[in-house]
Amino acid sequence: MSSYDVAVIGSGPGGYVAAIRCAQLGMKTALIEKYPTLGGTCLNVGCIPSKALLDSSHHYEDAVKHFEEHGIEIPGAIKVNLEKMIARKQGVVDMTTKGIQFLMDKNKIDVFEGLGSFKDATHINIKKSKGKSETIEAKNTIVATGSKPATLPFIKLDKERVITSTEALKLKEIPKHLIVIGGGVIGLELGQVYKRLGAEVTVVEYLDRIIPTMDAALSKELMKSMKKQKAKFALSHKVKSVVRKGKQVIVKADNKKGEEVVFTGDYCLVAVGRNAYTDGLNLEAAGVQMEERGRVAVNDHLQTNVSNIYAIGDVVKGAMLAHKAGEEGTMAAEILAGQKPHIDYNLIPGVVYTWPEVAAVGKTEEELKEAGVEYKVGQFPMRALGRARASMDIDGFVKILADKNTDEVLGVHMIGARCADLIAEAVTAMEFRASAEDISRMSHAHPTYSEAIKEAALAATADRALHI
Ligand code: FAD
Ligand code: NAD
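Residues numbered from 1 in each chain as written. Chains lettered and ligands numbered in written order. Predicted model: local features only at pLDDT ≥ 70, side-chain atom pairs only at ≥ 80, totals over all residues. Heavy atoms only, no water.

1. Brief notes about the overall build of the protein chain
Then step 1. Summing up its helical and strand segments, the protein chain has 14 helices and 22 strands in all.
Then step 2. In summary, the protein chain has a C-alpha radius of gyration of 24 Å against a globular reference of 23 Å for 468 residues, a match within 12%.
Then step 3. The dimensions of the protein chain, computed from C-alpha atoms along their principal axes, are 70 × 60 × 50 Å.
Then step 4. Taken over 468 residues, the protein chain has a buried fraction of 53%.
Then step 5. Across the protein chain, every contact between residues at least 6 apart in sequence was considered, and the portion connecting residues at least 24 apart equals 63%.
Then step 6. Accessible area of the protein chain: about 21900 Å², with a carbon and sulfur share of 52%.
Then step 7. If the 61 positive side-chain charges of the protein chain are averaged to one point and the 59 negative ones to another, these points end up 5 Å apart. (Helix = DSSP H or I, 4+ residues; strand = E, 2+ residues; numbered from the N terminus. Rg over C-alpha atoms; globule rule 2.2 N^0.38 Å. Buried < 20%, exposed > 50% of the residue type's maximum accessible area, 1.4 Å probe, protein only. Contact = heavy atoms within 4.5 Å. Areas by Shrake-Rupley, 256 points an atom, 1.4 Å probe, with all protein chains shown as cover. Lys, Arg positive; Asp, Glu negative; His and termini not counted. Charge placed at Lys NZ, Arg CZ, Asp CG, Glu CD.)

2. Some thoughts on the side chain of S450
Then step 1. Inspection of the secondary structure puts S450 in the loop between helix 13 (436-440) and helix 14 (451-462).
Then step 2. S450 gets classed as buried once you look at its relative accessible area, which sits at 14%.
Then step 3. A distance of 2.7 Å separates polar atoms of two side chains, one belonging to S450 and the other to T448.
Then step 4. Sequence-distant contacts of S450, that is, excluding residues within four places in its chain, are made with L422, E425, H444 and A445. (Polar contact = N/O pair within 3.5 Å; in protein donor to acceptor, adjacent residues only side chain to side chain.)

3. Notes on the packing of helix 1 (residues 15-24) against helix 9 (residues 322-336)
Then step 1. Viewed as axis vectors pointing N to C, helix 1 and helix 9 meet at an angle of 30°, and their least axial separation amounts to 7 Å. Taken together, helix 1 and helix 9 sit at an angle that is classed as roughly parallel. Our pair here, helix 1 against helix 9, has a crossing hand that is right-handed. When helix 1 is examined against helix 9, the residues V17, A18, R21 and C22 are found in contact with a partner set consisting of G326, G329, T330, A333 and E334. (Axes fitted to C-alpha atoms, helices over the stretch in contact; angles between N-to-C directions. Parallel < 35°, antiparallel > 145°, perpendicular 65-115°, else oblique. Left-handed = near helix turned anticlockwise from the far one by under 90°.)

4. Some remarks on the packing of aromatic side chains
Each aromatic ring pair is characterised by the separation of its centres together with the angle its planes make.
Then step 1. With the rule as written, the count across this model stands at one aromatic pair.
Then step 2. When the ring centre of Y277 is taken as reference, the NZ or CZ atom of K148 above it lies at 4.7 Å.
Then step 3. Lying across the ring of Y267, R161 places its NZ or CZ 4.7 Å from the centre. (Phe/Tyr/Trp six-rings, centres within 6.5 Å; stacked < 30°, edge-to-face > 60°. Lys NZ or Arg CZ within 6 Å of the ring centre and 35° of its normal.)

5. Quick notes on the nonpolar core
Then step 1. Ranked by size, the top nonpolar core spans 51 residues in total, and within it M104, F118, I136 and I142 carry the most contacts.
Then step 2. If one sorts the elements of this core by residue count, helix 1 sits on top with six residues. (Core = buried A, V, L, I, M, F, W, Y, C linked by side-chain atoms within 4.5 Å.)

6. Re the sheet that holds strand 12 (residues 238-245)
Then step 1. Judged by pairing direction, the sheet is antiparallel, and its three strands sit side by side in the order 12-13-14 without closing on themselves. Of all strands in the sheet, those with a lone pairing partner are strand 12 and strand 14 (260-265), marking the two edges. Sheet twist, expressed as the average angle between the axes of neighbouring strands with direction ignored, equals 20°.
Then step 2. Of the strand pairs in this sheet, strand 12 and strand 13 (residues 248-254) are connected by seven bridges, and their pairing is antiparallel. Each bridged residue has a counterpart across the sheet, and for K245 the counterpart in strand 13 is Q248. (Pairing = 2+ DSSP bridges.)

7. Observations concerning the site of ligand 1
Then step 1. Surrounding ligand 1, one finds 39 residues, the nearest of these being E33, T41, K51, G116 and A322.
Then step 2. The backbone of G14 places a nitrogen or oxygen atom 2.9 Å from an oxygen atom of ligand 1.
Then step 3. The contact in question runs from an oxygen atom of ligand 1 to an N or O atom on the backbone of L321, over 3.2 Å.
Then step 4. Relative to its unbound accessible area of 1000 Å², ligand 1 is 95% covered by the protein chains.
Then step 5. Every element with two or more residues in the shell around ligand 1 is listed here: strand 2 (29-33), helix 2 (40-45), helix 3 (47-66), strand 4 (115-120) and helix 9. (Near = heavy atom within 4 Å.)

8. Considering the site of ligand 2
Then step 1. Around ligand 2, a shell composed of 22 residues is seen, among which I186, E189, E205, G273 and V351 lie nearest.
Then step 2. A distance of 2.8 Å is found between an oxygen atom of ligand 2 and a backbone nitrogen or oxygen belonging to I186.
Then step 3. A distance of 3.1 Å separates a nitrogen atom of ligand 2 from a polar atom in the backbone of Y206.
Then step 4. With three residues, helix 6 (residues 185-196) is the largest single contributor of residues to the shell around ligand 2.
Then step 5. Each residue belonging to the shell around ligand 2 can be placed in one class, and the counts come to 15 nonpolar, four polar and three charged. (Nonpolar A, V, L, I, M, F, W, Y, C, P; charged D, E, K, R; others polar.)

This is how it looks when you write it as structure tokens:
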């Protein structure tokens with residue numbers, strides 16, 4: 001029987017990062033993945049393919065709607081070749097997942113393909129295809145088995161027309177009318193892909209705003225932008241039934257007044273969150289305790305109640321984000337090596353890759369109000385930037401929340417072109433506990449979108465933005 005210092009179960013951005021860090025720290029490491037390709041949800045059916053389709057559809061929308069204004073004329077009609085678009089996406093996925101295999105080889109990590117399940121706290125059975133199985137011994141195990149799409153109890157996901165994000169990444173036709181249940185990250189990103197490609201898109205959201213966990217100002221501005229793109233929204237609607245009839249999908253919901261509203265489309269994307277995934281792991285055999293919503297219970301050191309078993313990423317509490325999973329992978333490995341790493345969860349940025357992009361870090365205005373913190377707000381609109389006018393991406397703003405007394409930056413919320421990348425400046429500043437004045441005195445290259453951060457910081461410091 002092969003024996004390891006560490007076995008990592010699951011090869012997503014949590015698991016593969018944990019495996020690399022364990023190997024770097026000198027541990028003999030095994031990585032167990034049930035699917036033939038490595039990379040988990042993120043690389044195979046999550047972050048990477050969704051961004052590939054967002055980019056392709058963005059190019060198409062630019063060509064159709066904006067090229068002419070830029071003085072670019074394309075003779076003849078511009079058409080979408082969906083098959084080719086999906087094939088390009090798959091090419092990006094394949095290249096990226098192969099990259100993880102390369103990294104495993106480079107770091108001398110033994111990769112096992114098969115379903116990992118605990119026999120006891122130090123032995124893991126790996127069930128391979130064709131009924132074969134193998135058991136390995138592991139002094140320590142890091143569980144990184146991720147998550148799966150959630151649904152509603154009355155919905156029958158047929159995966160053809162009533163679909164999750166996984167199917168939405170490989171449709172064979174552009175929907176005529178895509179009904180999206182859930183105005184969160186997945187619903188809006190994938191809804192926007194098909195909106196750009198020509199589908200009618202209706203987002204049905206239970207709460208009274210989209211992206212409800214983010215600062216309310218971002219919800220409002222994103223909805224405004226997406227409405228300009230002709231997406232439709234039904235907020236405060238409680239979906240009560242989803243029925244497929246031939247090529248039609250009929251979604252019924254109750255609105256705020258309790259009236260029944262019927263939506264008829266040809267596809268329905270169910271995007272109401274994700275659940276931790278532990279099926280087949282047999283955690284009971286190792287004595288590992290769970291907590292609410294099927295997650296593995298861990299302490300602040302990502303350790304379960306069984307001292308040699310750790311858990312990270314989507315399968316434990318916290319934001320379901322690839323970079324959060326990766327940070328936890330590093331942390332678990334370093335703890336096993338006797339180090340004392342730390343993650344500041346307040347500084348894990350959140351990004352929605354729609355256009356305009358939405359990005360945030362730290363506390364929202366709603367959270368500060370609820371906590372009774374005295375704060376000040378500095379906000380600067382993208383449209384006042386020369387760079388934004390040059391590229392005609394003028395929607396959005398940067399909003400900085402700073403402590404009223406100390407001027408320390410407590411939250412940065414932005415929506416606009418390239419915000420997914422701009423948010424890194426805010427994370428850096430907050431990691432070093434910058435004040436709004438610190439940011440306002442840093443030189444920002446002109447003309448760039450980053451100038452909106454400087455201007456918002458000036459506005460927060462002393463209401464003295466320069467360009468508005
Ligand atoms: P996963 O990536 O889910 O990996 C878990 C792995 O474990 C899987 O490969 C699974 O097959 C394997 N596994 C499970 N059980 C077993 C077992 N018993 N034995 C062996 N293997 C097992 N996050 C972002 O930060 N940015 C984004 O832009 C983004 N976009 C997304 C878009 C979509 C459409 C979706 C669905 C998600 C997106 N996410 C994004 C979320 C991100 O994908 C997850 O937060 C991330 O993948 C979690 O990583 P993980 O390592 O915890 O788990
Ligand atoms: P989400 O939690 O972001 O959004 C789910 C939405 O569905 C919420 O707005 C919620 O109010 C709504 N909802 C719940 N029940 C409903 C009902 N019965 N009727 C109508 N609406 C309902 O979840 P998601 O969009 O499915 O994404 C899942 C996870 O994947 C998220 O945690 C997210 O962090 C991650 N993800 C991240 C990115 C990114 O980082 N860009 C992209 C995609 C997914």
